[in-house]
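This is what each chain is made of:
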Amino acid sequence: MTEPQIVFIGAGNMARALISGMRQQGIAGPNIQVHAPSNLHRGALAEEFGVRSCPAQAEKLPENSVVIYAAKPKQMPAVLKEWRDSLRSASALFVSVAAGISSAQITTLLGEETPVVRAMPNTPAQIGAGATSLFATATVSANQCDTVQQIFAGVGKVFWLHDEALMDTATALAGSGPAYVLLFLEALEDAAVLQGLDRVTARALALQTVLGTAQMAAANSASPSELRHQVTSPGGTTAAGLAVWEEQLRPLAQRALAAAAERGRILSQLLKTTA
Ligand SMILES: NC(=O)c1ccc[n+]([C@@H]2O[C@H](COP(=O)([O-])OP(=O)(O)OC[C@H]3O[C@@H](n4cnc5c(N)ncnc54)[C@H](OP(=O)(O)O)[C@@H]3O)[C@@H](O)[C@H]2O)c1
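Note that the structure is predicted; figures quoted are calculated from it, not measured. (Residues numbered from 1 in each chain as written. Predicted model: local features only at pLDDT ≥ 70, side-chain atom pairs only at ≥ 80, totals over all residues. Heavy atoms only, no water.)

### A few points about the nonpolar core
Here's step 1: By size, the foremost hydrophobic cluster in this structure holds 32 residues, and its most contacted members are F8, L18, M22, I32, I68, V95 and F152.
Here's step 2: Sorting the residues of this core by element identifies strand 1 (5–9), helix 1 (13–25), strand 2 (32–35), helix 2 (39–49), strand 4 (65–69), strand 5 (93–96), strand 6 (116–120) and helix 5 (142–153) as the ones contributing at least two each.
Here's step 3: Ignoring sequence-local partners within four residues, the contact set of I32 consists of Q5, I6, F8, I19, M22, R23, I27, V51 and R52.
Here's step 4: With 19 residues, the next largest nonpolar core counts L61, F94, L109 and V116 among its residues. (Core = buried A, V, L, I, M, F, W, Y, C linked by side-chain atoms within 4.5 Å. Buried < 20%, exposed > 50% of the residue type's maximum accessible area, 1.4 Å probe, protein only. Helix = DSSP H or I, 4+ residues; strand = E, 2+ residues; numbered from the N terminus. Contact = heavy atoms within 4.5 Å.)

Here you go:
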């Protein structure tokens, strides 16, 4: 298979994370081009990763292009109006990482025949440790699915979903998830500092505990619940701490994922795909 030309529309946080991971995976800089209105972010990407920096305007796309939409969800109608013709004439595969926006909305903007994949990656992709959920429309060929699989598997783990409605849940869990984990780290660090530990040690202990536990869980066939019981001595310190977490954590997780998934549905409803 010839190397696909990967075209990013948008040069922000998610584009940066994917490009960083792709470059480490061995995709050549000149095989990636990045389009954005200002030179601020795309210029920095060109400097750091050797990718091609291009203005926001649509270009004649090379055959075998994979176009990754990484601008904001609400901008999609205006941006795709510009890109529609070049996408069609190159028969490019269109991949959207925009939260909430459905494949039906995208094909309304680009035409029914356009092969569309929705992807929901997350920022750990920048170190090859991402988690990406993928959903392909019926017009995406098996070869195109392989291409997308290869691109995102290079920056972490890939999960294909067959029910598009669950992309909002995948977004709430894994797209937004790094922010929840980072908030958890901040909260642990602050709580330890309140008890008198210095901040540097508190941060390092919190980080290594979360990292080590995630690695242990990934390396183990036992469930998180079984591993948790290995830490918890009856009447011991962990049981005392867990009793407090258990009061609130599960309902909070349910509320947080429900709020994030609902926001995805609202982003979709707010999008105007007609003039
Ligand atoms: N951040 C995440 O963790 C994450 C995770 C999964 C999915 N996503 C999705 O990724 C998308 C981007 O999010 P982000 O966090 O990366 O946002 P961001 O950092 O604000 O980046 C948005 C980018 O879009 C560019 N842009 C604005 N107008 C444009 C146009 N007309 N043509 C081309 N590019 C244009 C901006 O250009 P300038 O550089 O000139 O400002 C900027 O580079 C969103 O749809 C979001 O739902 C984000």
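### Some thoughts on the UniProt feature "binding site: NADP(+)" (unreviewed entry) in the protein
Here's step 1: According to UniProt, the positions carrying the feature "binding site: NADP(+)" (unreviewed entry) are I9, G10, A11, G12, N13, M14, A70, A71, K72 and P73. Considering the C-alpha atoms alone, the annotated residues occupy 65 residues of sequence yet fold into one spot, their largest mutual distance being 13.9 Å. The annotated residues named above include I9, G10, A11, G12, N13, M14, A70, A71, K72 and P73 as those lining the second largest pocket.
Here's step 2: Residues within four places of A11 in sequence aside, it is in contact with V34, H35, A36, H41, R42 and L45.
Here's step 3: With respect to the helices and strands, A71 occurs in the loop between strand 4 and helix 3 (76–89). (UniProt positions renumbered as here; feature names shortened; annotations may be inferred. 1 Å grid on protein atoms, 1.4 Å probe; cavity = no way out; pocket = protein on both sides within 12 Å on 5 of 7 lines; lining within 4 Å.)

### Some points on helix 3
Here's step 1: The terminal C-alpha atoms of helix 3, which comprises 14 residues, lie 19 Å apart, in line with the 20 Å expected from a rise of 1.5 Å per residue.
Here's step 2: At W83, helix 3 is bent by approximately 50 degrees, the largest bend along its length.
Here's step 3: Contacts made by the buried residues of helix 3 are with strand 1, strand 2, strand 4, strand 5 and helix 4 (103–110).
Here's step 4: Count one or two residues on from helix 3 and you reach S91, which has phi positive near 50 degrees. (Expected span 1.5 Å × (residues − 1). Bend = angle between axes of the 7 residues up to and from the residue.)

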